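# Inside the fold
Listed below are the residues making up each chain.
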Amino acid sequence: MSTLSRVTRLAAVAVCVPDPGATAAFLSDGLGFAVARRSGGSWHATCPGEYALPAPASMLDLHASEAAAPGAALVGLRFDVDDEAVLGMLRQRLAERGVVSGGDGSGFDTRLAGAGPGIGFRDPNGVAVWCGTAGPPFEGELPPAPARPRRLGHVNLTVADPAASARFFSEALGLRLSEQIGEAFYFLRVGPEHHNLGIRTGGAQPGAHHLGFEVHGWESYRVVCDHLAALGHKVEYGPGRHGPGRNLFVYVRDPSSGLRIELYSDMAHIHDEARYVPPRWQLSDRSNTVNRWGPGPPESFLE
């Protein structure tokens, strides 16, 4: 598939949480995100973003859960495209696969829509997706924050049929398979970074196991974890190194919603597309896939 007809980056993710203000406070105080409350009670959180581009207005949208709904729930994903011509090509590929798409929000969750032209649709597992041109940047300058991540790097989805979603994102949006664990885990990329989308086996309703935000490197973990500890927050899992992607990781969770954030660095990049063959692991390889350094994850991580 031509690079001119593909999405260009994972732009944002939207979730529902019981108390968006409390989650925004954790992201701001604990991790240095720039947060802003929007009309209707939603919050937006952002980081500096891609090198040499202005910081986006939001990388993470926080909406209020329905009454009595516990924990964090996925609303959907936003991908950037270069221009409206690409949207036309994507719309055609979706139509060829019998996927209904629209730009006016009709029959689609309008909370996910970006500020510019775009189309909304759902993948075979019901994952809501918006593809559109980049919206306006963050207003003003981001204040210094040593614990703040650089950018949203990936979202790890949970779906009933991972293979169906992996095939859809590859064929319809142009993502490439980077690595695979049995038929239960798929890692796909937009550009050279190893993965921007992880897809794993989950329940009937699509969800987000974690959101991956890139930090500056190994030394960042000392700063971030010391800061979190000073505020009374504990790391859920890490530091360690994954097998797929070979990235370093630390996982933390928002106390009010359970929203899981991966702070990752040193992710593998794939530049030789012609000769690259995606490695395939087996589920029995867990000791080398989840954490090459050991130990294995806590029970909470496997939920």
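Shown above is the structure to which this text applies.
Quick summary incoming for the structure in this document.

Procedures and definitions
Counting of residues starts from 1 at the beginning of each chain's written sequence and follows it residue by residue. It should be noted that, the model being predicted, local features are given only for residues of pLDDT at least 70 and side-chain atom pairs only at 80 or more, the latter also being counted only at that level, while totals for whole chains, interfaces and linings use all residues. The basis for the side-chain values is all heavy atoms of the structure; hydrogens and waters are excluded. The convention used is that axes are lines fitted to C-alpha atoms, helices contributing only their stretch in contact, and that angles between N-to-C directions extend from 0 to 180 degrees. The helix and strand labels rest on DSSP assignments: H or I over at least four residues marks a helix, E over at least two residues marks a strand, and numbering proceeds from the N terminus. Oblique is the label for every angle not falling under 35 degrees (roughly parallel), over 145 degrees (roughly antiparallel), or within 65 to 115 degrees (roughly perpendicular). Whether two residues are in contact is decided by their heavy atoms: any pair within 4.5 Å suffices. Classes in brief: Ala, Val, Leu, Ile, Met, Phe, Trp, Tyr, Cys and Pro nonpolar; Asp, Glu, Lys and Arg charged; the others, Gly included, polar. For two strands to pair, DSSP has to find at least two bridges joining them.

### Thoughts on the packing of helix 2 (residues 84-96) against helix 3 (residues 162-173)
- Following both chains from N to C, one finds helix 2 and helix 3 inclined at 135°, their axes separated by 9 Å at the closest point. One way to sum up the angle between helix 2 and helix 3 is to call them oblique. Only Phe168, Glu171, Ala172 and Leu173 of helix 3 make contact with helix 2, whose side of the interface consists of Leu90, Arg93 and Leu94.
- A breakdown of the residues in the contact of helix 2 with helix 3 according to their chemical character gives 5 nonpolar, no polar and 2 charged.

### Things to note about the packing of helix 1 (residues 20-31) against helix 4 (residues 218-230)
- At a minimum axis separation of 9 Å, helix 1 and helix 4 run at an interaxial angle of 120°. When the interaxial angle is binned, helix 1 and helix 4 end up oblique. Contacts between helix 1 and helix 4 involve Phe26, Asp29, Gly30 and Leu31 from the first element and Val224, His227 and Leu228 from the second.

### Points about the sheet that holds strand 10 (residues 185-189)
- Reading across from one edge, 13-14-15-12-8-11-10-9-16 is the order of the 9 strands in this open sheet, with mixed pairing throughout. A strand with exactly one partner marks an edge of an open sheet, and here the two such strands are strand 13 (237-241) and strand 16 (280-281).
- Inspection of the sheet shows strand 8 (residues 151-159) paired to strand 11 (residues 197-201) by 5 bridges, in the parallel sense. Bridging across to strand 11, valine 159 finds its partner in threonine 201.
- Relative to the sheet, helix 3 contacts strand 8, strand 10 and strand 11, its axis offset from that of strand 11 by approximately 155°.

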